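The primary structure of each chain is shown beneath.
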Amino acid sequence: MPLNQPLSALEQHDEFIGRHIGPCTTEMAAMLAAIGADSLDQLIDQTVPAAIRLPADLPLPAPRREHEALADLKAMASKNVVNKSCIGMGYYDTLTPKVILRNVMENPGWYTAYTPYQAEIAQGRLEALMNFQQMVVDLTGLEIANASLLDEATAAAEAMTMARRVSKSKSNRFLVDAACFPQTIDVVKTRAAYFGFELVIGKLDDYKDGEFFGALLQYPNDNGEVRDLTDVIASLKAKGATVAVATDLMALVLLKSPGSMGADIALGSSQRFGIPMGFGGPHAAFFATREAFVRSMPGRIIGVSKDARGNTAYRMTLQTREQHIRREKANSNICTSQVLLANMAGMYAVHHGSEGLRLIAGRIHRLTAILAEGLKRAGVNLLTKQFYDTVHFDLGARAEAVYSDALAAGYNLRRVSAGVLGVSFDETTTREDVATLFKLITQVTLDVASIDAQVAAADSALPDALLRTDAVLQHPVFNTHHTEHEMLRYLKSLQNKDLALDHSMISLGSCTMKLNATSEMIPVTWPEFGGLHPFAPRDQAAGYLEMIASLTEWLKTVTGFDAICMQPNSGAQGEYAGLVAIDRYHASRGEAHRNVCLIPKSAHGTNPATAQMANMKVVVVDCDDNGNVDVADLKAKAEEHKNDLSCLMITYPSTHGVFEEAVREICTIVHANGGQVYMDGANLNAQVGLTSPGFIGADVSHMNLHKTFAIPHGGGGPGMGPIGLKAHLAPFMADHVIQPTGDANRVNAGQGAVSAAPFGSASILTISWMYLAMLGAEGVKKATQVAILNANYVATKLNAHYPVLYVGKNGRVAHECILDIRPIKAATGIAEIDIAKRLMDYGFHAPTVSFPVAGTIMVEPTESESKAELDRFIAALVSIREEIRQIENGVWSADNNPLKNAPHSQADVIDADWQHPYSRQQAVFPLPWVAANKFWPSVNRIDDVYGDRNLNCACPPMEAYAD
């Protein structure tokens, strides 16, 4: 009874552990009995090799209740100072329409969804991404856009590598306009070094007649200057260069497009389309190019296809470019998208429409022109002659005093150089801000109305030749939803088409789709975290830095590493940052020639793709019949390449879902031959509290915070992929050219960046902070134990129907299991994709299909799913197996059965011409409980081949929907 319990129990500090973990104590006992284990401890003893088990529990703080953790984080947030930012440099304050804030950004129907590989149950997100692509195509004046990249700087780096792929020039030189943003140049430098490109950074007019394989220009540039680039682009292209232009979507609402000036690629950030600055992210980069280059374009592309009824349907197109298929031949590492943020930016354009955006863009420019005209009249030396939203001015010896006065008044100006300040305006700037800043600069009162009238009469501070003349955003979607009712209903209609974690479990192997608790999500939208510019003075970010520092210490404890680099803003970027640190380490020891990367056949496809980006030579290591790394083959290849061995990339537990017994030996072999061990952190959810990469023997590892540490997948991003490093690698992790990643004595000072912002997507680090604060040492260990329990329960229950392909020494799987569909396909023609589609009819998203082994499905239930939900999922797969037996027994033909025809839509239910040997009831309500919470796929099975052969990556005309 509660009255007999001690106060410590009544205080419930560990309350969140029970909220996060699905099975209760009674359910766990039943599940343990079902798999033949006496206790969780015994199961773990049977699963995790004793040699790598941690000797003691993690020394993390005790768990906190949700309101306690929120209060603690709020206290940190209150230490941040949110001034009005006039820094610019690609980051601007913005107004997120509240209908988008509440119904997309704060809505689990949008943020808990997975990457839309299963298109039939992702039509809402896919349509939203198509809107984003159409918006980018219209504003850039190019023919095709992707569905987002990570940030502007990494998009520029991708443009450079794409230019090398498509350029016919034999030159190894790449030109970078010295007036590009400095953080972009920093990242491009890092990327160029590992491809062996010669980077030339200088003024465009000095180099426009040179020979380069590619060039990167900025428009408007870092100085705020807007110039017509047509002649420069033509000169560069005449010598074979592929020309990329980094640009600004808001400016392009008014300005001549890069495409109309002859650019081959346009890129930038969509942040100012309603996405908070968030101390650097997450934000969706955009990337557009000419249709001729589409197969060389990085990132995911959304295209239009047809479903089985001939209706228009969306899908990710050209998926054969994906790195898990092309591996070391991949164009780039494709796990680099920011879907949730791209959806928000696209919806910002839908919400405002063309005219609304013109008013916003026009207001920003007008306020800038008023300030510029006033300063000119006051005798201030303006350095920016033609501008959109940014002006630089030379104040000489007065600059520091003006900068300080502005700080005191609540404004952050940009220190450009000695005596020179910069001001950038945005959507939140007001006429009062202009008047205040003018007085701070000149000590004179500005007559805003008078200057405004004169500027308006002059028509524009920009010449007509630089202004856009073509109409943009004319598609009906951008001209329909301008009342809040219409917008709300449009967002809801799209949400209804998508299956996310708010409906049912998503059991994707290697992707860890666990609970993203509401209390973890709340701080993301606090203005104290959302409103900070990444290059704001460090003393204004005291709360951010305290939160990042405490999360850093917790992650060091969890992973067993000596240092953490928070910069990589995806798991793929984490892999890259880790390999860069390894390469820099070897170079520091006079061994820059070490470039061989050993990668087991079972590895994630991101691994060889990342190794290729780091200019390493991939040597594949065999696996044995049990799916483990073949130690003899590893040893032979490590010794063969010992003079050039850079590293081994290994996933642990293995991608085959097993704790390999020989992992310590594997690390020792690599180290003995001069290499470093990179551990892919995709499966870290099976390690936390039981073992750790550092304890096992890894030198560096990335952590998917959007997997193990509860940041939601967001339909394919955002994510964070910080890396942990042993002390000897710490000096080689990324730093930042503008804002340092630590104090003046940091060991990595001066190292080149891998992402645009010093701490990557800093605002979502609050999610992982809350996760660890509420679970504590006890909770994270129990979460890992239950993740392993849930996986073994599913494996045991399904093994008789679908053989589990790989198990460990004691017959246990780790946190995921691979079910072998190949015998079924051989007997019936039913493939893993048919089972994936049929699961939709039961209300479930498919597990991972055909990875890491073709002809299989990989199931990861996570610790957050209850026994009841697991039982429903198991029942669905057992029922599907019985349906397959109907095919085996000849009751249904091999080409007309519920699996080949799945998924079934509402159109099937009302179809008067039902031509199938099974009933409508069997099709759509195959088990009694399905009807109680039916999820209806909005389309029938989509024709992938048609979509790839008939590439259409822009919004279809409205007639397509009518047809």
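Preceding this section is the structure that the text describes.
Residues numbered from 1 in each chain as written. Predicted model: local features only at pLDDT ≥ 70, side-chain atom pairs only at ≥ 80, totals over all residues. Heavy atoms only, no water.

## With respect to the overall build of the chain
Across its full length, the chain holds 35 helices and 25 strands. Expressed as lengths along the three principal axes of its C-alpha atoms, the size of the chain is roughly 85 × 70 × 70 Å. Classification of the 963 residues of the chain by burial places 65% in the buried group. Nonlocal contacts in the chain, meaning residues at least 24 apart in sequence, comprise 77% of its contacts between residues at least 6 apart. When the accessible surface of the chain is totalled, it reaches about 31,800 Å², and 50% of it is carbon and sulfur. Side-chain charges of the chain comprise 82 positive and 103 negative groups, with the mean position of each set lying 2 Å from the other. (Helix = DSSP H or I, 4+ residues; strand = E, 2+ residues; numbered from the N terminus. Buried < 20%, exposed > 50% of the residue type's maximum accessible area, 1.4 Å probe, protein only. Contact = heavy atoms within 4.5 Å. Areas by Shrake-Rupley, 256 points an atom, 1.4 Å probe, with all protein chains shown as cover. Lys, Arg positive; Asp, Glu negative; His and termini not counted. Charge placed at Lys NZ, Arg CZ, Asp CG, Glu CD.)

## Quick look at the pairing of strand β3 (residues 173-177)
A regular strand places its side chains so that they alternate between the two faces of the sheet. Most of β3 is tucked away, with 4 of its 5 residues classed as buried. As defined by bridge partners, β3 adjoins strand β4 (residues 198-202) across 5 bridges and the pair is classed as parallel. Bridge pairing in β4 links Phe174 to Leu199. Regarding topology, helix α10 (residues 182-195) serves as the crossover connection from β3 to the parallel β4, and that connection is right-handed. With 3 bridges joining them, β3 and strand β5 (residues 214-219) adopt parallel strand pairing. Paired with Leu175 across the bridge in β5 is Ala215. (Pairing = 2+ DSSP bridges. Right-handed = clockwise from strand over helix to strand, strands pointing away.)

## Things to note about helix α4 (residues 40-47)
Among the residues of α4, Leu40, Leu43, Ile44 and Thr47 are the ones counted as buried. Along α4, the residues classed as buried sweep out an arc of 95° about the axis, all on the same side. Residues of α4 that are exposed and point more than 90 degrees away from the buried face comprise Asp41 and Asp45. Where the residues of α4 are buried, they touch α3 (25-35) and α28 (765-798). (Arc of directions from axis to C-beta.)

## Here's the deal with the sheet that holds strand β22 (residues 723-725)
Note: strands within a sheet are paired through backbone hydrogen bonds, in either parallel or antiparallel orientation. Read across the sheet, 7 strands follow the order β16-β22-β21-β20-β19-β17-β18 without closing on themselves; strand pairing throughout is mixed. Looking along the sheet, the strands with just one partner apiece sit at the ends: β16 (563-565) and β18 (617-621). Each adjacent strand pair in this sheet contributes to an overall mean axis angle of 25°, direction not counted. In this structure, strand β20 (residues 676-680) lies alongside strand β21 (residues 700-702), joined through 2 bridges in parallel fashion. (Axes fitted to C-alpha atoms, helices over the stretch in contact; angles between N-to-C directions.)

## Let's talk about the sheet that holds strand β8 (residues 285-289)
The strand order β2-β8-β7-β6-β5-β3-β4 describes an open sheet built from 7 strands, whose pairing is mixed. The open sheet has two free edges, formed respectively by β2 (144-145) and β4, since each of these has just one partner strand. Each of β2, β7 (265-269) and β8 touches helix α8 (residues 123-140); the most contacted strand, β8, lies at about 60° to it.

## Remarks on the side chain of Gln218
With respect to the element layout, Gln218 can be found in strand β5. Here the side chain of Gln218 touches Glu152 through a polar contact of 3.1 Å, side chain to side chain. From its side chain, Gln218 meets the backbone nitrogen of Phe181 in a polar contact 3.2 Å long. When sequence neighbours within four positions are dropped, the list of residues in contact with Gln218 reads Glu152, Asp177, Ala179, Cys180, Phe181 and Ala246. (Polar contact = N/O pair within 3.5 Å; in protein donor to acceptor, adjacent residues only side chain to side chain.)

## With respect to the nonpolar core
By size, the foremost hydrophobic cluster in this structure holds 240 residues, and its most contacted members are Met135, Leu217, Phe273, Met347, Phe393, Phe709 and Trp769. Not counting residues within four places of it along the chain, the set of residues in contact with Phe273 comprises Thr94, Met135, Leu139, Leu249, Met250, Val253, Met344, Ala345, Tyr348, Ala349 and Leu357. Among the nonpolar cores identified, the runner-up in size contains 59 residues, and Val188, Tyr194, Phe197 and Met649 belong to it. (Core = buried A, V, L, I, M, F, W, Y, C linked by side-chain atoms within 4.5 Å.)

## Side note on the packing of aromatic side chains
In total, this model carries 20 aromatic pairs according to the counting rule given. Judged by centre distance (5.7 Å) and plane angle (80°), the ring pair of Tyr91 and Phe535 falls under edge-to-face. Remark: Phe535 occurs in the loop between α21 (527-530) and α22 (542-559) and Tyr91 occurs in the loop between β1 (84-85) and α6 (98-105); sequence separation between them is 444 residues. For the pair shown, Tyr91 and Phe535 are each scored as buried. Measuring from ring centre to ring centre gives 5.2 Å for Trp554 and Trp769, while their planes differ by 35°; the resulting arrangement is tilted. One end of the pair, Trp554, is in helix α22; the other, Trp769, is in helix α28, and 215 residues separate them in sequence. Over the aromatic face of Tyr576 sits the side chain of Arg191, whose NZ or CZ is 5.1 Å from the ring centroid. Looking at Arg664, its charged tip hangs above the ring of Phe695, at a distance of 4.8 Å from the centre. (Phe/Tyr/Trp six-rings, centres within 6.5 Å; stacked < 30°, edge-to-face > 60°. Lys NZ or Arg CZ within 6 Å of the ring centre and 35° of its normal.)

## Structural notes on the packing of helix α9 (residues 152-166) against α10
The N-to-C vectors of α9 and α10 enclose an angle of 40°; their axes lie 8 Å apart at closest approach. For the element pair α9 / α10, the angle class is oblique. Crossing angle aside, the handedness with which α9 passes α10 is right-handed. In this structure, α9 contributes Glu152, Ala153, Thr154, Ala156, Ala157, Glu158, Met160 and Thr161 to the contact, and α10 contributes Gln183, Thr184, Val187, Val188, Arg191, Ala192 and Phe195. For the contact of α9 with α10, the class distribution of residues is 8 nonpolar, 4 polar and 3 charged. (Parallel < 35°, antiparallel > 145°, perpendicular 65-115°, else oblique. Left-handed = near helix turned anticlockwise from the far one by under 90°. Nonpolar A, V, L, I, M, F, W, Y, C, P; charged D, E, K, R; others polar.)

## Examining the pattern of salt bridges
Summed over the entire model, instances satisfying the criterion amount to 44 salt bridges. In this structure, a network of salt bridges that share partners links the residues Glu15, Arg19 and Arg65. (Salt bridge = Lys/Arg side-chain N within 4 Å of Asp/Glu carboxyl O.)

## Here we look at unusual backbone geometry
Excluding glycine, most residues fall at negative phi; most peptide bonds, likewise, are trans. Going from Tyr219 to Pro220, the amide bond is cis rather than trans, its omega being -15°. Along the chain, Pro220 falls in the loop between β5 and α12 (230-238). The residue after Gly717, namely Pro718, is reached through a cis peptide bond having omega 25°. Locating Pro718 in the fold gives a position in the loop between β21 and β22. Phi angles above zero are rare outside glycine, and Gln443 is one such case at about 65°. Turning to its location among the elements, Gln443 is positioned in the loop between α17 (431-442) and α18 (448-457).

## With respect to helix α5 (residues 66-77)
Taking 1.5 Å of rise per residue, the 12 residues of α5 would be expected to cover 16 Å, and the 16 Å separating its terminal C-alpha atoms lies within 8% of that figure. Within α5 the residues assigned to the buried category are Ala69, Leu70, Leu73, Met76 and Ala77. The buried residues of α5 occupy one face: seen down the axis, they fall within an arc of 115°. Buried residues in α5 make contact with α20 (518-521), α21, α22 and α28. (Expected span 1.5 Å × (residues − 1).)

## Focus on the environment of Ala902
One can find Ala902 in the loop between α31 (867-888) and α32 (906-909). Assessed through its relative accessible area of 0%, Ala902 is described here as buried. The spatial distance from the C-alpha of Ala902 to the C-alpha of Leu729 is 50 Å, given a sequence separation of 173 residues. When residues no more than four places from it in sequence are discounted, the contact partners of Ala902 are Lys837, Arg838, Asp841 and Arg941.

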